[in-house]
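Listed below are the residues making up each chain.
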Amino acid sequence: MRGSVVVGTDGSPSSAPAVEWAAADARRRGLPLRIVHVCEQWSHGVDTSRYCEGALEAAADRARALSTDVQVSMAMLAGNVIDVLVAESASADSVVLGSRGAGGFAGMLLGSVGLAVAGHAAGPVVIVHGDAGGEHGLVVAGDDGSPHAREAVAYAIEQARARQARLRVIYAWRVPVVESSWPVQGPQLAAYFEEDARAAHERADRWRQANPDVVIDDEQLRDHPVAALSDATDTADLVVVGSRGLGGFSSAVLGSVSHGVLHHAKCPVAVVRPRETTGQEGP
């Protein structure tokens, strides 16, 4: 599916970097940009239409100034913010949101809207944390072999290719907490890690073979996935995770790992879930 990059804006300071990120992403990947504002009525019957129109037009002006060759469209919509953005995701390439907001986007990331959209959208949701700073030429993806992780790596490969950046695929193996009486101890746990790490490296080899134009590194760590991926945000332009997974990436619809990375990230984070209509298989 090659829909538009959809970015939600509410006129808050947090939404400006999201608009800028979305405009740059649309330009790099040759996609149209759709800017959406969900106009909610304030209390006491205050007419908010002028504010909504101004917020939408300001975002569109900013996007056009940054990416003159991108087709930009606007939509001012009514309804529940979460429902509207999830509905937009069905035909979008991706949905881009700021980390916090005002009005309909209040509490984003730490509140309900960003987390709900990231957990229920039909495709990738990118949460942009303030000013992303300088570019590092690196995209990072988390992998655990699950269908969600395969989709995450596929999206990360596309992003790396468009950016002419390196891709680092990280497999993080969380050491289980066990009772002292549990029969499997240190040597056996080490063997399990080596087996899983070998499988992760083989998956990365298949991605390298299928995408020879992208430099793909892989890393297998004995670490908590949240810690490993959050640390990677220090030097990455984008970190990509599946919305849920297996093993170290367990606990979904936006459970501990994707949720934890969103809260600790220092760069934009893409949360990816497989589209029901793709039927695609990865390595």
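Residues numbered from 1 in each chain as written. Predicted model: local features only at pLDDT ≥ 70, side-chain atom pairs only at ≥ 80, totals over all residues. Heavy atoms only, no water.

## Some remarks on the state of the cysteines
In step 1: Taken as a whole and assessed by the stated rule, the structure comprises one disulfide.
In step 2: Between the sulfur atoms of Cys39 and its disulfide partner Cys52 the distance amounts to 2.0 Å. The S-S bond linking Cys39 to Cys52 shows a torsion near 85°; that makes this disulfide right-handed. Separated by 13 residues along the polypeptide, Cys39 in the loop between β2 (33–38) and α2 (49–66) and Cys52 in helix α2 bring together distant segments of the chain.
In step 3: Overall, Cys39 belongs to the buried group, its relative accessible area being 15%.
In step 4: Cys52 gets classed as buried once you look at its relative accessible area, which sits at 2%. (Disulfide = S-S within 2.5 Å. Helix = DSSP H or I, 4+ residues; strand = E, 2+ residues; numbered from the N terminus. Buried < 20%, exposed > 50% of the residue type's maximum accessible area, 1.4 Å probe, protein only.)

## Remarks on the pairing of strand β7 (residues 166–172)
In step 1: Most of β7 is tucked away, with five of its seven residues classed as buried.
In step 2: Here strand β6 (residues 138–142) runs beside β7; their pairing, made up of five bridges, is parallel. Each bridged residue has a counterpart across the sheet, and for Gly142 the counterpart in β7 is Ile170.
In step 3: With six bridges connecting them, β7 and strand β8 (residues 216–221) associate as parallel partners. The residue bridging Leu167 from the neighbouring strand is Ile216, located in β8. (Pairing = 2+ DSSP bridges.)

## Considerations on the sheet that holds strand β1 (residues 5–8)
In step 1: Sheet architecture is open: ten strands sit in the order β3-β2-β1-β4-β5-β10-β9-β6-β7-β8, paired in mixed fashion. Edge positions in the sheet fall to β3 (72–77) and β8, since each of these pairs with one other strand and no more. Each neighbouring strand pair of the sheet contributes to a mean axis angle of 20°, computed without reference to strand direction.
In step 2: Sheet topology places strand β9 (residues 238–242) next to strand β10 (residues 269–272); four bridges connect them, and they run parallel. Within β10, the position partnered with Val239 by the bridge is Val269.
In step 3: Strands β1, β2, β4 (94–98), β5 (125–128) and β9 of the sheet are contacted by helix α1 (residues 15–29), whose axis makes an angle of about 175° with β1.
In step 4: Sheet contacts for helix α3 (residues 81–89): β1, β2, β3 and β4; angle to β2, the most-contacted strand, approximately 160°. (Axes fitted to C-alpha atoms, helices over the stretch in contact; angles between N-to-C directions. Contact = heavy atoms within 4.5 Å.)

## A few points about the packing of α1 against helix α5 (residues 147–163)
In step 1: The geometry of α1 relative to α5 is characterised by a closest axis approach of 9 Å and an angle of 80° between their N-to-C directions. Considering the angle they form, α1 stands roughly perpendicular to α5. Counting all contacts with α1, which are made through Trp21, Asp25, Arg28 and Arg29, the residues of α5 involved are Tyr155, Glu158, Gln159, Ala162 and Arg163.
In step 2: In terms of residue class, the contact of α1 with α5 is made up of three nonpolar, one polar and five charged. (Parallel < 35°, antiparallel > 145°, perpendicular 65-115°, else oblique. Nonpolar A, V, L, I, M, F, W, Y, C, P; charged D, E, K, R; others polar.)

## Some words on the packing of α1 against α2
When two helices pack together, their arrangement is given by the angle between the helix axes and the distance between those axes.
In step 1: Contact pair α1 / α2: the axes reach a minimum separation of 9 Å and the direction vectors enclose 40°. Classified by the angle between their axes, α1 and α2 sit oblique to one another. Every pair of crossing elements has a handedness; the one defined by α1 and α2 is right-handed. On α2, the residues touching Val19, Glu20, Ala23 and Arg27 of α1 are Ala59, Arg62, Ala63 and Leu66.
In step 2: Looking at the contact of α1 with α2 residue by residue, the class counts come to five nonpolar, no polar and three charged. (Left-handed = near helix turned anticlockwise from the far one by under 90°.)

## Considerations on the pattern of salt bridges
In step 1: Using the criterion set out here, one finds eleven salt bridges in the structure.
In step 2: Across the pair Arg34 and Glu88 runs a salt bridge, and its minimum N-O distance is 2.7 Å. A residue pair is termed long-range when its members are at least 10 positions apart, and Arg34 in strand β2 and Glu88 in helix α3 qualify at 54 residues.
In step 3: For Arg34, a relative accessible area of 23% puts it in the partly exposed group.
In step 4: Accessibility expressed as a relative area gives 11% for Glu88, which makes it buried.
In step 5: Among the charged side chains, a salt-bridge network with shared partners connects Asp25, Arg29, Asp93 and Glu158. (Salt bridge = Lys/Arg side-chain N within 4 Å of Asp/Glu carboxyl O.)

## Remarks on the environment of His37
In step 1: By the element assignment, His37 lies in strand β2.
In step 2: Residues His37 and Glu57, 20 residues apart in the sequence, show an inter-C-alpha distance of 9.9 Å.
In step 3: Among all residues touching His37, those that are not within four sequence positions of it are Thr9, Asp10, Tyr51, Cys52, Ala55, Leu56, Ala75, Met76 and Leu77.

## So, the nonpolar core
In step 1: Leu33, Ile35, Val96, Leu167 and Val240 are the most contacted members of the largest nonpolar core, which totals 37 residues.
In step 2: In this structure, Val96 is in contact with Val5, Val6, Val7, Gly8, Ala18, Trp21, Ala22, Val126 and Val128, ignoring residues within four places of it in sequence.
In step 3: Core analysis: the next-biggest nonpolar cluster, separate from the first, contains 35 residues, Leu138, Ala236, Val239 and Ala265 among them. (Core = buried A, V, L, I, M, F, W, Y, C linked by side-chain atoms within 4.5 Å.)

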